[in-house]
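# Secondary and tertiary structure notes
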Amino acid sequence: MVVTMTLPQAFYFEAGKPAVLLLHTFSGTPNDVRVMGRGLQKIGYTVLGPVFTGHGTADPQQIFKTGSPEDWWQDTSNAVSQLISDGHGEIAVFGESLGGLFALKALTQFDEVVCGGTIDTPLFPVDTSRVAKRFLEECQNWYQKMALPADEVAVKMQFLNQHIGKMLARIGDYTAPIHDGISGLTKPVFVAQADADELIDRDMGQRLASYLAPTAEVTFRHYPDAPHVMTYSPQGRQLTKDIGEFLQKNLPIEGV
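Residues numbered from 1 in each chain as written. Predicted model: local features only at pLDDT ≥ 70, side-chain atom pairs only at ≥ 80, totals over all residues. Heavy atoms only, no water.

The next point concerns the pattern of salt bridges. Here the structure, examined in full by the defined rule, presents 9 salt bridges. The residue Arg134 makes a salt bridge to Glu138 at a minimum N-O spacing of 3.9 Å. Residue Arg134 and its partner Glu138 are both found in helix α5 (residues 129-145); the two are separated by 4 residues, about one turn of the helix. By relative accessible area, Arg134 is classed as partly exposed at 26%. A residue is classified by how much of its surface remains accessible, and Glu138, at 40% relative accessible area, is partly exposed. For Glu245, the salt bridge is made with Lys241, and the minimal N-O distance between the two is 2.8 Å. One end of the pair, Glu245, and the other, Lys241, are both in helix α8 (residues 236-250), 4 residues apart, so they sit about a helical turn from each other. By relative accessible area, Glu245 is classed as partly exposed at 41%. Note on Lys241: relative accessible area 47%, which makes it partly exposed. Each member of the salt-bridge network shares a partner with another, and the members are Asp59, Glu152 and Lys156. (Salt bridge = Lys/Arg side-chain N within 4 Å of Asp/Glu carboxyl O. Helix = DSSP H or I, 4+ residues; strand = E, 2+ residues; numbered from the N terminus. Buried < 20%, exposed > 50% of the residue type's maximum accessible area, 1.4 Å probe, protein only.)

Laid out in structure tokens, this is it:
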């Protein structure tokens, strides 16, 4: 019997006028950043956490069949536009891993995005083999939880094995112009790096901070023992606190 799973949803936590957009990881969902969203709402920020196209479905194949970096940038643009149309004229955008690429791009594309940052985001070429391995392991576990027939799982896993490398290469190609485009950025940027990151090089955050430092006001924080998806870890509370302090300095709430 196939098990029916409750699927993650986008969230929109309303509070004050300053707004925050939180973008999740590749193959993740808004659940990656939901707890952070609640924490930022409690100190007065309206927080939107969209779902990237192809993500948050019952079948990870949809990431490849319906999603792409271009689609995920469109999702980001749509979310920024939604906040603007809802009356939020000053916005901060943060992204975890993949989401950080689009957070940085939003800083270069929207005047209304006044600050933002990244959490374990690779803006430089990386070895993606660990990312691919983790992705395939998680997909295998997901299909097993759904109690799918073994032959159906085998077909799905074959598809994912054939496509994950190509998608990660495509993301790498999409990253290069973002890297070049943020050179000279003058808006405040928060850069977080997990010291125990198991998926990407642990110097990525420091390299990004150094790259931006000649023109931007950069706040760099690193977190001992933190894993790649830091928001979902014990260090997530400190990360939320640090981002809250960054926001209160660069996107203050009136009366606070």
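Structure's up, so let's keep going.
A separate point is the environment of Thr108. In this fold, Thr108 is placed in helix α4 (residues 98-109). The class of Thr108 is partly exposed, set by a relative accessible area of 33%. For the pair Thr108 and Ser183, spaced 75 residues apart in the sequence, the C-alpha separation amounts to 9.8 Å. A distance of 3.3 Å separates a polar atom in the side chain of Thr108 from a polar atom in the side chain of Gln109. (Polar contact = N/O pair within 3.5 Å; in protein donor to acceptor, adjacent residues only side chain to side chain.)

When two helices pack together, their arrangement is captured by the angle between the axes and the distance separating the axes. At a minimum axis separation of 10 Å, helix α3 (residues 69-85) and helix α6 (residues 150-181) run at an interaxial angle of 55°. Between α3 and α6, the angle falls in the class oblique. From α3, Pro69, Glu70, Trp72 and Trp73 reach across to α6, where they touch Met167, Arg170, Ile171 and Tyr174. Of the residues contributing to the contact of α3 with α6, the split by class is 6 nonpolar, no polar and 2 charged. (Axes fitted to C-alpha atoms, helices over the stretch in contact; angles between N-to-C directions. Parallel < 35°, antiparallel > 145°, perpendicular 65-115°, else oblique. Contact = heavy atoms within 4.5 Å. Nonpolar A, V, L, I, M, F, W, Y, C, P; charged D, E, K, R; others polar.)

Time to look at the environment of Leu247. Its location among the elements puts Leu247 in helix α8. Sequence separation of Leu247 and Glu152 is 95 residues, and the distance between their C-alpha atoms is 47 Å. The contacts of Leu247, once residues within four sequence positions are left out, are Val20, Leu40, Tyr45, Ala92, Phe94, Cys115 and Pro252.

Among the secondary structure elements, Asn250 is positioned in helix α8. A distance of 2.9 Å separates the side chain of Asn250 from the backbone oxygen of Phe246, its partner in a polar contact.

Here the phi dihedral of Ser27 falls at roughly 70°; this positive angle occurs in a residue that is not glycine. Position of Ser27 relative to the elements: it lies in the loop between β2 (19-23) and α1 (31-42). Given the relative accessible area of 27%, Ser27 is considered partly exposed. Even without glycine at this site, Ala147 takes up a positive phi of about 60°. By the secondary structure assignment, Ala147 is in the loop between α5 and α6. Judged by its relative accessible area of 35%, Ala147 is partly exposed.

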